[in-house]
Amino acid sequence: MKNLTIITEFVLLGFSRNPHILNMLFALFLVIYVLTLMGNLVMILVIRTDSHLKTPMYFFLGHLSFLDLSLSSITTPKMLENLLTQKKTISVWGCMAQSFFLILSGSTEACLLSAMAYDHYAAICHPLLYSVIVNRPLCVGMVTAAWAVGFLNLLPNSLFTYNLHFCGPNVIPHFCCELSSLFPLSCTDPTANEALLAGSCALLGFVTFPLILFSYSRIISAIISIPSSGGQGKAFSTSLFRYMTPLSGSMLEQVVSIQYSVITSLLNPLIYSLKNQEVKIALHRVLKQ
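What counts and how
- Residues numbered from 1 in each chain as written.
- Predicted model: local features only at pLDDT ≥ 70, side-chain atom pairs only at ≥ 80, totals over all residues.
- Heavy atoms only, no water.
- Disulfide = S-S within 2.5 Å.
- Helix = DSSP H or I, 4+ residues; strand = E, 2+ residues; numbered from the N terminus.
- Buried < 20%, exposed > 50% of the residue type's maximum accessible area, 1.4 Å probe, protein only.
- Contact = heavy atoms within 4.5 Å.
- Patch = residues over 30% accessible without salt bridge, like charges linked within 9 Å, V, L, I, M, F, W, Y side chains within 5 Å.
- Areas by Shrake-Rupley, 256 points an atom, 1.4 Å probe, with all protein chains shown as cover.
- Salt bridge = Lys/Arg side-chain N within 4 Å of Asp/Glu carboxyl O.
- Axes fitted to C-alpha atoms, helices over the stretch in contact; angles between N-to-C directions.
- Parallel < 35°, antiparallel > 145°, perpendicular 65-115°, else oblique.
- Left-handed = near helix turned anticlockwise from the far one by under 90°.
- Nonpolar A, V, L, I, M, F, W, Y, C, P; charged D, E, K, R; others polar.
- Pairing = 2+ DSSP bridges.
- Expected span 1.5 Å × (residues − 1).
- Core = buried A, V, L, I, M, F, W, Y, C linked by side-chain atoms within 4.5 Å.

A. Region of the structure containing the state of the cysteines. Per the stated rule, a full pass over the model turns up one disulfide. Disulfide pairing places cysteine 95 opposite cysteine 177 at an S-S distance of 1.9 Å. A torsion of -110° about the S-S bond marks the disulfide between cysteine 95 and cysteine 177 as left-handed. With cysteine 95 in helix α3 (residues 92–125) and cysteine 177 in the loop between β3 (171–172) and α6 (179–182), this residue pair connects regions lying 82 residues apart in the sequence. Like cysteine 95, the residue cysteine 177 is buried in the burial classification.

Structure, rendered in C-alpha cells:
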C-alpha cells in the first residue's frame with residue numbers, strides 16, 4: 001500500500017472517437033437537452049401558475065417534470081462538454097456526486113411513478129370516490145415518501161462508496177458515472193458495494209413494481225369492461241405511458257442510460273402536454289397573462 005497512487009480523475013470514453021460522429025452527437029444531444037429544459041420548465045410553470053391544474057394528477061406531474069429536469073441535467077451537460085473536448089475527464093468527486101444524484105433522482109422517480117399509478121387506478125376504478133381517496137394530504141405524503149425512499153436508497157450506497165480507493169486504471173467505458181461503472185476500477189474489494197447496490201435496487205423494485213402492476217392490471221380490467229371500443233381506446237391513451245425500463249446489460253448499458261436520463265426526460269412533457277387538452281388551454285392562459 002505504500003506505493004499506492006490515488007487517481008484524481010476519470011476518463012469517460014462513452015462514444016466514438018470519430019470527430020464527425022461526435023459533432024453530430026453533440027448537435028443531437030444539445031437539441032434534445034434544450035427541448036427537455038423548455039418542456040419540463042413549461043410544465044412546471046403552467047402547473048404552478050394555473051389554478052385549474054390544482055388536481056392530484058398535475059401535482060404529481062409537476063414533481064415528475066422536476067425529476068426529469070434533474071435527471072437530464074445530472075449527465076447531459078458533462079456529456080456535451082466531453083463530446084467537444086479531447087480530454088474527456090471528470091474528477092473523482094464529481095463522478096461520485098453524479099452517480100449519487102442519479103441514484104437519488106432515479107429512486108425518487110420510481111416511487112413517484114408508483115404514486116401516479118395509484119392515482120390513475122383511483123381515478124379510473126373509483127371515480128365517484130376519487131376526490132375522497134386521493135386528497136391533498138395523501139398526495140403530499142406520497143411525494144414526501146418518494147423523496148424519503150430516494151434518500152434512504154442513496155445514503156448507504158454513498159457511505160460505502162467513500163471507503164473505496166481508486167489507483168488505476170481510470171477509464172470508464174461510459175458517457176456518465178454510475179456506481180456499477182466505478183466498482184471495477186476500485187483497487188479495494190467492491191464486493192460489499194456491489195451487493196448493497198443490487199440489494200437496494202431489488203428492494204426498490206419489490207416495493208414499486210407490485211403497486212404499478214396491481215394498479216394497471218385493475219385499470220386494464222376496468223377498461224376492458226367498457227362496452228364501447230372508442231371508450232376503451234380513449235381510456236388506454238390517457239392511462240398507459242412509459243413506467244418500465246429495460247434491464248441493462250454490458251452491451252446495452254449506454255443505451256439504457258440514454259433512454260432514462262435523456263430521452264424519457266424529453267418525452268414525458270411532450271406526452272403529457274401535447275396530448276392533454278387541459279394543459280394546452282392552461283398554457284394558452286399563461287401566455288395571454
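Next, the rest of the story.
B. Molecular detail of the environment of phenylalanine 100. Topologically, phenylalanine 100 is positioned in helix α3. Taking the C-alpha atoms as reference, phenylalanine 100 lies 9.2 Å from cysteine 177; in sequence the two are 77 residues apart. If near-sequence neighbours (up to four positions away) are discounted, phenylalanine 100 is found in contact with Leu154, Ser158, Thr161, Tyr162 and Leu179.

C. Fine view of a nonpolar patch on the surface. Judged by side-chain polarity, Leu30, Val31, Val34, Leu35 and Met38 come together as a nonpolar surface patch covering roughly 410 Å² of accessible area. Looking at where leucine 30 falls in the secondary structure, it is placed in helix α1 (residues 19–49).

D. Spotlight on the packing of α1 against helix α2 (residues 56–84). For the pair α1 and α2, interaxial distance at closest approach is 9 Å and the crossing angle is 155°. In this view, α1 runs roughly antiparallel relative to α2, as classed from their interaxial angle. When the axes of α1 and α2 are compared, the crossing they make is left-handed. Looking at the contact of α1 with α2 residue by residue, the class counts come to 20 nonpolar, eight polar and one charged.

E. Region of the structure containing the pairing of strand β1 (residues 9–12). Inspection of the sheet shows β1 paired to strand β2 (residues 89–91) by three bridges, in the antiparallel sense. Residue pairing for β2: phenylalanine 10 is matched across the bridge by isoleucine 90. Examined bridge by bridge, β1 and β3 share two bridges and lie parallel to one another. Bridge pairing in β3 places leucine 12 opposite isoleucine 172.

F. Structural view of the pattern of salt bridges. In this structure the tally under the stated criterion is one salt bridge. For glutamate 81, the salt bridge goes to lysine 78, with nearest N and O atoms at 3.5 Å. Here glutamate 81 and its partner lysine 78 are both found in helix α2, three residues apart, which amounts to about one turn of the helix. Among the residues examined, lysine 78 registers a relative accessible area of 18% and is labelled buried.

G. Just α1, in detail. Here α1 contains 31 residues, and its C-alpha end-to-end distance of 44 Å stays within 8% of the 45 Å for a straight helix at 1.5 Å per residue. When α1 is considered as a whole, its buried residues turn out to be Leu22, Leu25, Phe29, Ile32, Tyr33, Thr36, Asn40, Met43, Val46 and Ile47.

H. Representation of the packing of α2 against helix α5 (residues 136–161) within the structure. Axis separation between α2 and α5 bottoms out at 10 Å; the angle between their running directions is 20°. Comparing their axes, α5 and α2 come out roughly parallel. Where α2 crosses over α5, the handedness of that crossing is right-handed. The segment α2 lies against α5, with Pro56, Phe59, Phe60, His63, Phe66 and Leu67 engaging Arg136, Cys139, Val140, Met142, Val143 and Trp147. Within the contact of α2 with α5, the residues separate by chemical class into ten nonpolar, one polar and one charged.

I. Representation of the nonpolar core within the structure. Among the nonpolar cores identified, the biggest contains 23 residues, and Phe60, Leu112 and Met116 are the most heavily contacted of them. At the level of secondary structure, the elements contributing two or more residues to this core comprise α1, α2, α3, α5 and α10 (277–288). Take this core: its biggest share by element is six residues, from α2. If we skip the residues at most four places from it in the chain, phenylalanine 60 touches Leu112, Ala115, Met116, Asp119, Cys139, Met142 and Val143. Formed by 20 residues, the second largest nonpolar core is a distinct cluster that contains Leu12, Met96, Cys177 and Leu179.

J. Spatial organisation of α3. An ideal rise of 1.5 Å per residue puts 50 Å on 34 residues; α3 measures up with 49 Å between its terminal C-alpha atoms. Where burial is concerned, most of α3 is hidden: 25 out of the 34 residues are buried.

K. Just the sheet that holds β2, in detail. What the three strands build is an open sheet, ordered β2-β1-β3; its pairing is mixed. This sheet does not close on itself; its edge strands, each paired only once, are β2 and β3.

These values are about where atoms sit, not about what they do.
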